[in-house]
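Close look at the chain arrangement
These are the residues of each chain, in order.
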Amino acid sequence: MRVSTKMMFNQGLNALQRQQNAMAEAQKEISSGRKNLDPAKDPVGYATASNLEISNKRLAQYERNIDFARGKLELQEGVLANATETLQRVKEISIEASNSLKLGEAGSASRQALRDELAGLRESLMSQANTRDERGEYVFSGTQSATAPYDAVGAYGLAPTAGSVNVQVAEGQDVEVYRTAGGVFNDGADSIMQVIDQLDTAIAAGNMADIATAQDRVDNVFDKVVTARGQIGNALSTLDRAFEDNDAQKYANQKALSDLRDTDYADAITRLNMSMTTMQATQQTISKTQSLSLFNFIG
Amino acid sequence: MAGMLSNSVSGLRAIQRALDTTSHNISNANTEGYSRQTAVISSSVPEFDGVGYVGSGSYVETVRREFDGLVERQLRSAISESARYKSQQTLTEQVNQIVGDLDAGIGQTMQGVFSAAQDVASNPSDMTARSSYLGAIETTVNQFNRVDQQLNDLQFQLEQQGAQMAREVDRWAQEVAELNEIISEAYQTNRNALPNDLMDRRDTLIRNIAERVDVKTLDSRDGNINLYLSSGQGLVINDIAQRFTAESSNANRLTVRLAGTDVTDRISGGSIGGILESQDRVIGSLRNELGRSAMVLATMINRSQDNGFKYDSAAPGEAFLAASTGTPNQTGLAGEPFEGNAISRVGNEGDAKVEFSVDEAYELTGDTYELRFDGTNWTAYASSSPNTAIDISADPSAIPGLTLSFPSGTAQAGDTYDLRPGEGVAGRLRLTDEAREPTNVAASAAADQPRNNENINQLIENGRRSIKDIVEIGYTNNSNVGKSLGDVVNGAVGNVGTYASQVRMRAESAETNLTYFTNRRESLSGVNLDEEAANLLKFQQAYQALARTISVQDRVFQSLLGAMG
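Residues numbered from 1 in each chain as written. Chains lettered and ligands numbered in written order. Predicted model: local features only at pLDDT ≥ 70, side-chain atom pairs only at ≥ 80, totals over all residues. Heavy atoms only, no water.

Attention now moves to the overall build of chain A. When helices and strands are tallied, chain A shows seven helices and four strands. Overall, chain A shows an N-to-C arrangement of helices and strands of α-α-α-β-β-α-β-β-α-α-α. Compactness check: chain A gives a C-alpha radius of gyration of 39 Å against a globular reference of 19 Å for 299 residues, more than 25% above the reference. The burial tally for chain A puts 42% of its 299 residues in the buried class. The long-range share in chain A, meaning contacts at least 24 apart out of those at least 6 apart in sequence, stands at 71%. With the model as given, the accessible surface of chain A reaches about 15100 Å², and the carbon-plus-sulfur share is 52%. (Helix = DSSP H or I, 4+ residues; strand = E, 2+ residues; numbered from the N terminus. Rg over C-alpha atoms; globule rule 2.2 N^0.38 Å. Buried < 20%, exposed > 50% of the residue type's maximum accessible area, 1.4 Å probe, protein only. Contact = heavy atoms within 4.5 Å. Areas by Shrake-Rupley, 256 points an atom, 1.4 Å probe, with all protein chains shown as cover.)

Okay, structure coming up:
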């Protein structure tokens, strides 16, 4: 095949350019630490990486939600633990009062002491039910965060439409973070404060039957509080599990992303060396062949 | 006349021509499009001198151009193909830069809105979370605006390039016509004495034209080469060149005309062909999809606002996004639909106005449509199924998601309109004034419940679902699994990537083809300096020998003169 002078030059030039390209690519990969994930070169890899990024963002969001939920639930747990103890003492007082009446102790002085203590316990429960978080919002108000669950006289202050607040902590998994006080501190329509008022009235009047009724009602609320604590405990376990699942998912995503996106240094450096060697060889070949010309030998 | 002297002199003249040709080759070794020339030396007609035939020297019969029409045709075709894919490759790479960023692409930014919504859902009474949510919406709107603008700018740039290229083709065609005139005249004078360099120039011009537009040639064997577009229209016939122009039509597209006729659909090769295909396939389709995504996002957020209540209030939420530059608002809510008009093609004879109103953004398919009027009926053809006719006259809402109307004007038979529902919407998307105030975020599904997050939870859920499965008050459509909003946006970007990958592969293979045919041409027509050097030696020797012959003849003559005293 006949070869023209221009063709030989062009071939040499093209070879040089190809090597330079390969070298530049390898260099870029090494210095940036990332492969050139180009949607044109690898559309599937690009789409996968894109989805993984989005999934990771969502997982990070869940992590934040879990932290937030945990804080709020632990706060409620603490309050309810105190409330349990308070209610326990209320129960004991009602039994003591009842015993005192049965024994026929005429003096209302000792019962007065009980009644005084009862008033103090009522205050505690009121402030526990009306607990506010660091932002000044009522913890046990459900969706009506700005309204106190119990007003100054202890009556239930939330609207019947107030509901609980759920927060998403993992794919398809919700956790109830805020509940309404009605489900924890009420017996029927009456609040525990109103029940204690009834107990107080009963002790003052010396009415055993009323004391017994009030005692039952206090027991009802006690059970509700214990149940609520149980639910919160379950929720906290759910949070732990969700956290671990999310973490595992995040790790798997990171690994997949890294495989797709991050430079394989061994591979990149090898390529760089190879293209450098080839480039040197090409350059030398070009300079040797271009210097061959018949004109060098003519006159 | 035969004889030593005249034979030698004729030889000298022939050799001189040959040397001239060789030096011409050498000086043009690097000239673009040059075909090497060979002086063809033939022996002169011998004379009969009674005893036998005696040779009468040599002469240059012709200077032959080393040229093969078949190789040239194949090379031209390879040039057209390679130029087409290269121009598409450049364009798709530019588009990728605009939309394809993994970390900050439009898909990711939109996801940020739903992420911020999650923060509001956990903490509905936290004003910071609400502000962040509004901020995420604003960032997304800005990015929609910016990407649409950049794509629009890219389209404009393409149109400029296309117009420039068409001007070049026009100029070259003009020059080819002039050369045709000169060369065909020379052909008539003497078929064997053709102006080789002018023919080289003409071939170079034709190759340049082929790089812009694919053309067919017809050698009419009388010195003319006629050029035709691949679909048959004549560009250069003998010494007449038709005007070849390209300009931006009012449909925001490049339109190409030959002698005033619209040939846009008939050009498929060369850089101009590449531009024409890309403007619809890449830019137009992407802008339409982005617009559709913008409409779906706006509808989703606005409906969520409409269904919910402002912070700790009984007032219902108001729309946050609108796609208009004036009143009335286009929010996607009932009574405020997205609107636009279909664009009349240049060359339509009627003056009908065609408008569309989006009934349900969730039902838009992402197609663009061609509307044709045949004199009585309007029919639409979707870009994804261009052979299926949709009867608009029978049902103006036949196109999924929108309704067409014809408020004024009359159309003539043969009129065509382009309907691109999404194009430009992403650029017009803006925040309403209500979207600046955090308490306006309607997270709550009930009045006066500051910590209620049910409404915003529903929005987050909608963002994840297939667009057709979105459940909202007043809209339920339980069709099968389809694409979610995020999928639509990522899909549109992914399509560009897939197309870019195809184009790149074709560009590479076209490049290989081009190299092969360029080498073949070079092999045949290219100058080899060593070969010319050898020729120089050859002719130089012959010249010296002939010069010596002449001096011998001179001595013979002198001897003769001397002998005659």
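With that settled, the discussion passes to the interface of chain B and chain A. One widely used convention gives an interface's size as the accessible area the parts lose upon coming together. The partner chain A presents 53 residues to the 53 residues of chain B that form the contact. Taken over both partners, the interface formed by chain B and chain A buries close to 4300 Å², and the fraction arising from carbon and sulfur atoms is 46%. On inspection of chain B and its partner chain A, the count reaches four salt bridges. In this structure, the salt-bridge partner of Asp119 of chain B is Arg64 of chain A, at a minimum N-O distance of 3.6 Å. Scanning the region where chain B abuts chain A turns up 21 residue pairs in polar contact (both at pLDDT 80 or more). Elements with a contribution of two residues or more to the side of chain B that touches chain A: α2 (69-99), α3 (106-122), α8 (454-464), α9 (485-525) and α10 (529-563) of chain B. The residue makeup of the side of chain B that touches chain A, split by class, is 16 nonpolar, 23 polar and 14 charged. (Buried area = accessible area lost by both parts, 1.4 Å probe. Salt bridge = Lys/Arg side-chain N within 4 Å of Asp/Glu carboxyl O. Polar contact = N/O pair within 3.5 Å; in protein donor to acceptor, adjacent residues only side chain to side chain. Nonpolar A, V, L, I, M, F, W, Y, C, P; charged D, E, K, R; others polar.)

Attention now moves to a nonpolar patch on the surface. Among the surface-exposed residues, Phe557, Leu560, Leu561 and Met564 of chain B lie close enough to one another that they form a single nonpolar patch of about 450 Å² accessible area. Structurally, the position occupied by Phe557 of chain B is in helix α10. (Patch = residues over 30% accessible without salt bridge, like charges linked within 9 Å, V, L, I, M, F, W, Y side chains within 5 Å.)

To summarise the sheet geometry, strands pair through backbone hydrogen bonds and adopt either a parallel or an antiparallel arrangement. Residues and elements named next belong to chain B. Sheet architecture is open: three strands sit in the order β13-β15-β19, paired in antiparallel fashion. The open sheet has two edge strands, β13 (339-341) and β19 (402-408), and neither has a second partner. The mean angle between the axes of side-by-side strands here comes to 30 degrees, regardless of whether they run parallel or antiparallel. Where β13 lies against strand β15 (residues 353-358), three bridges are found, and the strand directions are antiparallel. (Pairing = 2+ DSSP bridges. Axes fitted to C-alpha atoms, helices over the stretch in contact; angles between N-to-C directions.)

Turning our attention to the nonpolar core. Within the largest apolar cluster, 110 residues are counted, with the highest numbers of intra-cluster contacts made by Val95, Tyr133, Leu235, Phe244 and Leu371 of chain B. Considering each element in turn, this core owes the most residues, 20 residues, to helix α4 (residues 127-189) of chain B. Setting aside residues no more than four positions away along its own chain, Tyr133 of chain B makes contact with Val113, Ala116, Ala117, Val120, Ile301, Phe320, Val441, Ile456 and Leu459 of chain B. Core analysis: the second largest hydrophobic core is formed by 50 residues, Tyr150, Val169, Val175 and Ile203 of chain A among them. (Core = buried A, V, L, I, M, F, W, Y, C linked by side-chain atoms within 4.5 Å.)

Here the focus is the packing of aromatic side chains. One pass over the full model with this rule turns up seven aromatic pairs over all chains. Here Phe140 of chain A and Phe185 of chain A contribute two aromatic rings whose centre-to-centre distance is 5.5 Å and whose plane-to-plane angle is 85 degrees, an arrangement assigned as edge-to-face. Within this pair, whereas Phe140 of chain A is found in the loop between α3 (108-129) and β1 (165-170), its partner Phe185 of chain A is found in helix α4 (residues 182-185), the two being separated by 45 residues in sequence. Look at Phe140 of chain A and you get buried, because its relative accessible area is 0%. Here the aromatic rings of Phe48 of chain B and Tyr53 of chain B are separated by 5.3 Å at their centres, their planes lie at 55 degrees, and the arrangement is tilted. Under the relative-accessibility criterion, Tyr53 of chain B is labelled exposed at 63%. Every member of this aromatic cluster is reached through a ring pair, and the members are Phe373, Trp378, Phe406 and Tyr417 of chain B. (Phe/Tyr/Trp six-rings, centres within 6.5 Å; stacked < 30°, edge-to-face > 60°.)

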